[in-house]
Amino acid sequence: MVPSSPVPQNSIGKASPPPSTPPPQASILDFFRAISPGLPQIEFCIQCGSCGGSCPAATLLDHTPRRLFALIRAGEIEEVLQSNTPWYCVSCYFCMVRCPQEIHITDLMYGLKTLAYQRGYTHNNKATHLSTTFAGYIERNGRAFELGIASRHYLRHPPADLIETARMGAGMFFKGRLKLVPEKIKGVAQLQKILGRAKELETPL
Amino acid sequence: MTGPNGKDGEHRIGVYVCHCGSNIAGVVNVYEVAKWAQENLAHQGVVLAKEYKFMCSSLGQKLIEDDIRNEKLDRVVVAACSPHLHEKTFRGAAARGGLNPYLCEMASVREQVSWVTSDKDLATEKAKAMVSAAVARVRQHEPLEPIRVPINSSTLVVGGGIAGIQAALEIANSGFQVYLVEREPSIGGHMAQFDKTFPTLDCAACILTPRMSEVGMHSNIQLLTWSEVENVEGYLGNYTVTVRKKARYVDTSLCTGCGVCEQKCPKKVIDDQFEVGLGYRKAIYTPFEQAVPKFPVLDRENCIYFEKGTCKACEKFCAVGAIKLDDQDEVITLTVGNVILATGYDMFDARRIPRYGYGHLPNVFTSLEFERMCNAAGPTNGAIVLRDGKTPPKSVGIIHCVGSRDHKYNPYCSAICCMQSLKFAHLVKERTGADVYNFYIDMRTAAKDYDEFYQKVLEEGTNLIRGKVAEVVDGGLFDQKQGQLIIQVEDTLISKQRRIPVDMVLLAIGLEPRHDAASVAHQFGISCSATGWFTEKHPKLDPVATMTDGIFIAGCAAGPKDIPASVSQGSAAAARVISYIQQKELSLEPVRASIKAEQCSGCRICNGLCPFHAISFDEEKMVSEIHEALCQGCGTCVAACPAGAITGTGFTNQQVLAQIEGLLSVPFHPELSVPVAV
Amino acid sequence: MKYLFYPGCSLHSTSSAYLDSLYAIQEKLGFEFAEVEDWNCCGANEYVALHRIPAYALIARNLALAEQQQNGAQTLVAACSACYLNLAKTAKYMGTDKELNARVNDALAAGGMHYTPGSVEVRHILDLMCNKLGACKVKKLVERPLTGLRVAPYYGCMVLRPDPDKRWRDPESPTALEDLILATGAELVEFPLRTHCCSGHMPQINTETSMELIRRLVEGAVKSGADLLITTCPLCQLNIDGYQHEMNKYFKTNYAMPILFFTQLIGLAFGLSPESLGVGKEITSAAPALARIGVKVETEPAAHKRPPKEQGLPMPRMPEIYGEDL
């Protein structure tokens, strides 16, 4: 898959720091240790498949979580980064609580998403774009804005059933559950300073 | 202290420095150390210092023996490996040379020198210091005689499962008395609950009951069922055990085992023990028909008479008047020389994993429940049926590793479940022709004829799916027939998630230590591992002995294993016991603590500290006393005594201080030029 | 008892009913919630998909605000499961991972803020109600028992898993909502899929999977014999409620399973008016189900039959775990 853009841009307009040299393959386990809080213990995986068996999104994944770990340990980083698996993770944490070796699977999925994004791989544009759209609103206003997020997202990726989506939107609006105007926090500037500095401090990926 | 010449302070010490191949010689300059000892320690009594490639070999040992005789040595120092390994060897050599074995001291220049650094100069200097320390110490040694204890020829076997039965028969057949204590009403253990056993598919009862019957009839075995050990005191060769024989409410001298009482009893309860909650029994019952002994037992908690004062049907119908409703527990005392603990295992509680549906979904069964179901004498007379008691399943899913190999439950592998699950696959296919699915992580079929069994099951067309099952859900919620189950799993070999509908699910639950294993271990003075199994003396070289002399373990009490291994361990433990009995007397290490009565202030701090309960307090003399045979020489009391009234033979203050002086008398400066290798 | 409250973006818009009902019942429960001043979005599962340190910093700003703002005990309560988990995980990881803590606080310092790990306790409102207050206390406050209403609990994922602060005894077999349902006097319907995922943000990403997951839950609830589902998570409510019509169209089914927030159910049992609790804001109307409150009706047999207990082989003994401390 061709990366969608060489340098990931965020919505404030400033480019994120360019991706640093990727760590050598042998230290990919060290990399995961660095970015995941607590022990990811990926080397403990006995390939039992509890994770893949529990995953609600399993039918969509090109690689089950278990297989993804096997690929990571085999050093097939390219294939891992191009996988849609982390992007389809719904964060239900079933895998994490059922893993007999207590591996922090969901946290690792987040790590893989971040890694893929910052290296410029956005395999599943839909999932990545949902996240970037959402992130854009947070960075602009400090809060999410459902109407804005949904419209932007659906403009880019039309929903399967446009009538149903519109119907639901209207229903939500008339029940007073959809704001037309975004909420903005007072400390937006402060938040942006914090996030700006945080991006400088981001762990090299 | 006196040399053989009779002159005070003059010793003739022989120093031997072992090369240990290249283990020591590769780092320590053994020639230099020997030469140094000869020259610099002469004033301490060293008359000769040699080096040799392998001191522990027969030639090396002969060297010591010959030198003791020819050179009239009165002390020996061997600078070699760890005393844990060869102390006995060199003491043996000294003894053969005519020297008291406790006048031989080792300096561990392998584990403590050559194996912890690669700096040759440093190593050589340290080796010299350690030899000096050993020499200084051994001068303070006194000849010691081992403590000899007589061995009572009776043996206690706790647990009447297959391991206990095997051990009891071995010892009894050798002509010695055995007391077999079993907490259930009958012997037989878990094996009596099984239907067929792998890999031969022998019927469990057919191979077990002859043994049980032999035990029941053996003149050398006193069977104490429905009994538990209450208290244990004593030491190797001399244990005093208190056993509580629980009230049976049946006079065993009169009972003929006719079974009428059980037939006539009106109170039916769910049998949680033998039938694992799947079948029923009466309030007065024998656990199964082939029970040994054949005498029934009355369950007081579920008896109408004990609840309301009425009924007494058993008493009315008993032809010989054997019902004794005023029966009491009886406490007896046994004196035995050795104990074999063969207390077996408990099963993992499947209710701890709700996502497998046990207890909620009717057609989820555990492995032990399924054994009962398959057993011809079980609750369904051997028919494999669903919970309704009559419909045979058309498809069965067997889930491996339930509660095993899982850090949240039990991290270990339970050893037998893969074979058991394959056995179930075979039985289901044979008796119902249903589709069978086995869900496994790894197929563990490691012992003799096991993999051949696996091949046979493959031939029968069982579906083997490699994946740990994620969950079992009710198909009724998903367009399936009401009551059908759906197994959700990742088939890792094709990397796809599958949802497989089955009629029945079997959970291969793991083995766990008995729930009271820790207290039983404490009672007998042995220890349990981190996962709760009894700890053996050495996992490879001594699997049936424990750290406590005279207490042995056998069977699953020491860890999950199959029937052949349990039987082997039963025989092994029996062999050890028989060897002790035949020696009639055994020697114990004389490294013991002793209390100087004059210095003892009676504070009793040591009494509670002793892990072996070897210290008692004499109320008359107002001093503490150590029982020599119980003491294991751990040294805790020696350190704790505020008055310094306790000395450890073989570790006296003079000896230890001399060792320290010897160590410090050799100047060496450990400025490390290379990092210490670990 | 005073608490700091983090509403999260959903409670101000799509799940305003959750906020309404929570505020409506707080006084009776003896709680006093003070919203964290100028809180920002926690990022849900979206921001942390793109960044690491910035994602934690985004969440930590809220923790820092909570640390500064005093309101009785330093406990921060969240109602949305995702917000709760984000806050709890950040608070925990900043305490255990020194490097993370250093970087995040460095970022916060750029905005003149700081969070000291361990200074704020993060709890979910369900945890507060069951483990701190207790279902028995809730039962005592009930004025209008919801007798005859068949309610099934639905937890979703993140309130129970991965449970960083070990609040729950068994995440796979919870009893919290069940105890609360029994406390309100309603009839508890056991719902085996109560901890299964609602598909989260999947409706925006992949229709096929999300519709299937939603269908399983709705169909399962119907077959279990429930009149009503109750939940703790805004996204779960949105998916099952808002998307039910689309799901019905997709599968050509006709289900009408209403889903409310558990705080709304408690509010109804407290005798508060449905409007004050935001009842009526749901798209799949709960009105037909609620029409049974207080009305003596003959309980229709549940759609999901259990096999008759007296015949066949006995079932294993299971402990009575619901309503233990009522």
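**Focus on the overall build of chain B**
- A count of helical and extended segments in chain B gives 18 helices and 34 strands.
- Looking at the 678 residues of chain B, the share that counts as buried comes to 55%.
- Taking all contacts inside chain B whose residues are at least 6 apart in sequence as the whole, residues at least 24 apart take part in 69%.
- Put simply, chain B shows about 29000 Å² of open surface, and 51% of that area lies on carbon and sulfur atoms.

**Examining the interface of chain A and chain B**
- Of the residues lining the interface, 21 residues belong to chain A; the matching set on chain B comes to 17 residues.
- Across the interface of chain A and chain B, roughly 1600 Å² is buried in total on both sides, 43% from carbon and sulfur atoms.
- The largest share of the area that chain A buries against chain B comes from G53, R98 and P100 of chain A, three residues that together contribute 30% of it.
- Where chain A packs against chain B, one counts 2 salt bridges.
- Close ionic contact of E490 of chain B with R66 of chain A constitutes a salt bridge, the shortest N to O distance being 2.9 Å.
- Our enumeration of links across chain A and chain B arrives at 18 residue pairs in polar contact (both at pLDDT 80 or more).
- Contributions of two or more residues to the side of chain A that touches chain B are made by helix 2 (50–54), helix 3 (65–73) and helix 6 (94–98) of chain A.
- Taken together, the residues of the side of chain A that touches chain B break down into 9 nonpolar, 8 polar and 4 charged.

**Points about the packing of aromatic side chains**
Residue and element names in this part refer to chain B.
- Counting across every chain of the model gives 20 aromatic pairs over all chains.
- Between F348 and Y409, the aromatic rings sit 5.6 Å apart at their centres with planes inclined by 75 degrees, giving edge-to-face as the arrangement. Of the two residues, F348 sits in the loop between strand 19 (345–347) and strand 20 (364–366) while Y409 sits in the loop between strand 21 (395–402) and helix 12 (417–432), which places them 61 residues apart along the sequence.
- Aromatic side chains Y437 and F439 sit 6.4 Å apart centroid to centroid with 20 degrees between the ring planes, which places their arrangement in the stacked category.

**Let's talk about the domain arrangement of chain A**
- If you check the domain split of chain A, you get domain 1 (25–118) and domain 2 (125–196).
- Averaged C-alpha coordinates put domain 1 of chain A and domain 2 of chain A at centres separated by 28 Å.

**Structural notes on the pattern of salt bridges**
- Here the structure, examined in full by the defined rule, presents 64 salt bridges over all chains.
- Between E183 of chain A and K179 of chain A there is a salt bridge, and its shortest N-O distance comes to 3.5 Å.
- The salt bridge partner of D106 of chain C is R197 of chain A, with a shortest N-O separation of 3.0 Å. Taken as a pair, D106 of chain C in helix 4 (residues 98–109) and R197 of chain A in helix 11 (residues 188–200) lie in two separate chains rather than in one.
- The partly exposed category is assigned to R197 of chain A, whose relative accessible area is 26%.

**Digging into the side chain of T548 of chain B**
- In this fold, T548 of chain B is placed in the loop between helix 14 (517–524) and strand 29 (551–553).
- With sequence-adjacent residues up to four places away left out, T548 of chain B is seen in contact with Y239, F524, G525 and I526 of chain B.

**Some details on the pairing of strand 25 (residues 485–491) of chain B**
Residue and element names in this part refer to chain B.
- Burial runs high along strand 25: 7 of the 7 residues are buried.
- In this sheet, strand 25 lies alongside strand 24 (residues 471–474) in antiparallel orientation, the contact comprising 4 bridges. By the bridge assignment, V472 is partnered in strand 25 with I487.
- Pairing between strand 25 and strand 26 (residues 496–502): 7 bridges, direction antiparallel. Bridging across to strand 26, I487 finds its partner in I500.

**Quick notes on the interface of chain C and chain A**
- Taken residue by residue, the interface counts 67 residues in chain C and 69 residues in chain A.
- Carbon and sulfur atoms supply 59% of the area buried between chain C and chain A, which totals about 6300 Å² over both sides.
- Sorting the residues of chain C by area buried against chain A places L50, R52 and I205 of chain C first, and these three jointly supply 11% of that buried surface.
- In this assembly, chain C and chain A are joined by 5 salt bridges.
- Here chain C is connected to chain A by 34 residue pairs in polar contact (both at pLDDT 80 or more).
- If you list the elements that add at least two residues to the side of chain C that touches chain A, you get helix 2 (53–68), helix 3 (81–96), helix 4, helix 8 (207–224), helix 9 (234–242) and helix 10 (244–251) of chain C.

**With respect to the environment of V260 of chain B**
- The residue V260 of chain B is located in helix 8 (residues 260–264) in this model.
- Spatially, the C-alpha atoms of V260 of chain B and F317 of chain B are 6.9 Å apart, while their sequence positions differ by 57 residues.

**Description of the sheet that holds strand 6 (residues 155–158) of chain B**
Residues and elements named next belong to chain B.
- Taken in spatial order, the 5 strands make up an open sheet running 10-7-6-18-29, and their pairing is parallel. Each edge of the open sheet carries a strand with a single partner, namely strand 10 (221–224) and strand 29. For this sheet, the mean angle separating the axes of adjacent strands, direction not counted, is 20 degrees.
- Where strand 7 (residues 178–181) lies against strand 10, 4 bridges are found, and the strand directions are parallel. Bridge pairing in strand 10 links Y179 to Q222.
- Strands in contact with helix 15 (residues 563–583) are strand 6, strand 18 (338–341) and strand 29; relative to strand 18, the strand with the most contacts, it is inclined by about 180 degrees.

**Some words on the nonpolar core**
- By size, the foremost hydrophobic cluster in this structure holds 151 residues, and its most contacted members are I125, L126, M129, L149 and F262 of chain C.
- Examining the composition of this core, we find that 11 residues originate from one element, helix 2 of chain C, more than from any other.
- In this structure, F262 of chain C is in contact with Y18, I125, L126, M129, L177, L180, I230, T231 and T232 of chain C, ignoring residues within four places of it in sequence.
- Within the second largest apolar cluster, 121 residues are counted, among which are A192, L386, Y440 and V489 of chain B.

Scoring rules and cut-offs
- Residues numbered from 1 in each chain as written.
- Chains lettered and ligands numbered in written order.
- Predicted model: local features only at pLDDT ≥ 70, side-chain atom pairs only at ≥ 80, totals over all residues.
- Heavy atoms only, no water.
- Helix = DSSP H or I, 4+ residues; strand = E, 2+ residues; numbered from the N terminus.
- Buried < 20%, exposed > 50% of the residue type's maximum accessible area, 1.4 Å probe, protein only.
- Contact = heavy atoms within 4.5 Å.
- Areas by Shrake-Rupley, 256 points an atom, 1.4 Å probe, with all protein chains shown as cover.
- Buried area = accessible area lost by both parts, 1.4 Å probe.
- Salt bridge = Lys/Arg side-chain N within 4 Å of Asp/Glu carboxyl O.
- Polar contact = N/O pair within 3.5 Å; in protein donor to acceptor, adjacent residues only side chain to side chain.
- Nonpolar A, V, L, I, M, F, W, Y, C, P; charged D, E, K, R; others polar.
- Phe/Tyr/Trp six-rings, centres within 6.5 Å; stacked < 30°, edge-to-face > 60°.
- Domains from an automatic or database assignment.
- Pairing = 2+ DSSP bridges.
- Axes fitted to C-alpha atoms, helices over the stretch in contact; angles between N-to-C directions.
- Core = buried A, V, L, I, M, F, W, Y, C linked by side-chain atoms within 4.5 Å.

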